[in-house]
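Each chain is listed here by its residues.
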Amino acid sequence: MTVTRTLVLPASELRERFSRSGGPGGQGVNTADSRVELSFDLASSPSIPDHLKRRMLDRLEGRLVDGVLTIAASEHRAQLQNRAAARERLAAILRAAAAPPPPVRRATKPTRGSQERRIASKKRRADTKRGRGRSGSWD
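Now for a description of the structure that goes with this document. Residue positions are counted from 1 within each chain, in the order its sequence is given. Selection of residues for local features in this predicted model requires a pLDDT of at least 70, selection of side-chain atom pairs for listing and counting requires 80 or more, and totals for whole chains, interfaces and linings are taken over all residues. Each side-chain value is worked out from all heavy atoms of the structure, with water and hydrogens disregarded.

**A short note on the overall build of the protein chain**
- Each helix is a run of H or I in the DSSP string that is no shorter than four residues. Each strand is a run of E no shorter than two, and both are numbered from the N terminus. In terms of helices and strands, the protein chain carries three helices and four strands.
- When accessible area is computed with a 1.4 Å probe and restricted to protein chains, residues below 20% of their type maximum are described as buried, those above 50% as exposed, and intermediate ones as partly exposed. By the burial criterion, 25% of the 139 residues in the protein chain qualify as buried.
- Here, two residues are considered to be in contact whenever any of their heavy atoms come within 4.5 Å of each other. In the protein chain, the proportion of contacts linking residues at least 24 apart, taken out of those at least 6 apart, comes to 59%.
- Every accessible area reported is derived by Shrake-Rupley at a probe size of 1.4 Å, with residue values counting cover from the shown protein chains alone. When the accessible surface of the protein chain is split by element, carbon and sulfur atoms take 50% of a total near 10,400 Å².

Here's what the structure looks like:
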């Protein structure tokens, strides 16, 4: 399964379980195991480089159970479609977790012009509000 251009997971590291899907159905709902649970052991995967693994474990720590990421898909009636949906969702989650962190923002001071515009607009607003007072007259 391709996650990014440089990160490809072998199918042997993915584990699938099938069960009956909930919700409405027809006569086949009691016999068809269309729900798919796709599990990937992120913590012990040899195909992910160490620097990426640390980043992914940190970002996904709320979703992992003992280092294993599990995705459930039951939105389609066909097992094959649910398998594809689960794999797409797993790839999207891993892609987001492997993304590099955004660049650090360097703090800058506001320009003199922006400060003057801000003060001028505050004064205009204050004048407008002052004109609404009880006297109703502009000073």
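**So, helix H2 (residues 79-98)**
- How far a helix is expected to stretch is found by multiplying one less than its residue total by 1.5 Å. Taking 1.5 Å per residue, 20 residues should reach 28 Å; H2 reaches 28 Å between its end C-alpha atoms and fits that length.
- Buried within H2 we find Asn82, Ala85, Ala86, Leu90, Ala91, Ile93, Leu94, Ala97 and Ala98.
- Buried positions along H2 lie against strand S1 (14-19), strand S2 (35-41), helix H1 (50-59) and strand S4 (68-73).

**Structural notes on the side chain of glutamate 37**
- Secondary-structure assignment places glutamate 37 in strand S2.
- We call two N or O atoms a polar contact when they sit within 3.5 Å, provided that within protein one can donate a hydrogen and the other can accept it, with sequence-adjacent residues counted only if both atoms are side-chain atoms. Engagement of the side chain of glutamate 37 in a polar contact is seen with the side chain of arginine 35, the distance being 2.8 Å.
- Aside from chain neighbours lying at most four places away, what touches glutamate 37 is Arg15, Glu16, Arg17, Thr70, Ile71 and Ala72.

**Details of the pattern of salt bridges**
- Any Lys or Arg side-chain nitrogen located within 4 Å of an Asp or Glu carboxyl oxygen qualifies as a salt bridge. Per the stated rule, a full pass over the model turns up six salt bridges.
- For glutamate 16, the salt bridge goes to arginine 83, with nearest N and O atoms at 2.9 Å. Of this pair, glutamate 16 sits in strand S1 while arginine 83 sits in helix H2, placing them 67 residues apart in sequence.
- Residue classification places arginine 83 among the partly exposed positions, given a relative accessible area of 27%.
- One salt bridge in this structure joins arginine 87 and glutamate 16, with 3.5 Å as the shortest N-O distance. Remark: glutamate 16 occurs in strand S1 and arginine 87 occurs in helix H2; sequence separation between them is 71 residues.
- Since its relative accessible area comes to 26%, arginine 87 is described here as partly exposed.
- Taken together, the salt bridges that share partners define one network made up of Glu16, Arg83 and Arg87.

**Thoughts on the nonpolar core**
- To define a nonpolar core, start from buried Ala, Val, Leu, Ile, Met, Phe, Trp, Tyr and Cys residues and group those joined through side-chain atoms within 4.5 Å. One finds Phe40, Ile48, Met56, Leu60, Leu69, Leu90 and Leu94 to be the most contacted residues of the largest nonpolar core, which totals 23 residues.
- Of all elements in the fold, only S2, H1, S4 and H2 reach the threshold of two or more residues within this core.
- Sort the elements by how many residues they give to this core and H2 lands first, with seven residues.
- Contact partners of isoleucine 48, with chain neighbours within four places excluded, come to Leu7, Leu9, Phe40, Leu42, Lys53 and Met56.

**So, the pairing of S2**
- The buried count for S2 comes to five of seven residues, which makes it a mostly enclosed element.
- With six bridges connecting them, S1 and S2 associate as antiparallel partners. Across the sheet, the residue bridging to phenylalanine 18 is valine 36, located in S2.
- In this analysis, strands are considered paired if DSSP registers two or more bridges between them. Summarising the sheet, S2 and S4 pair through six bridges and their orientation is antiparallel. Counterpart to valine 36 in the pairing with S4 is alanine 73.

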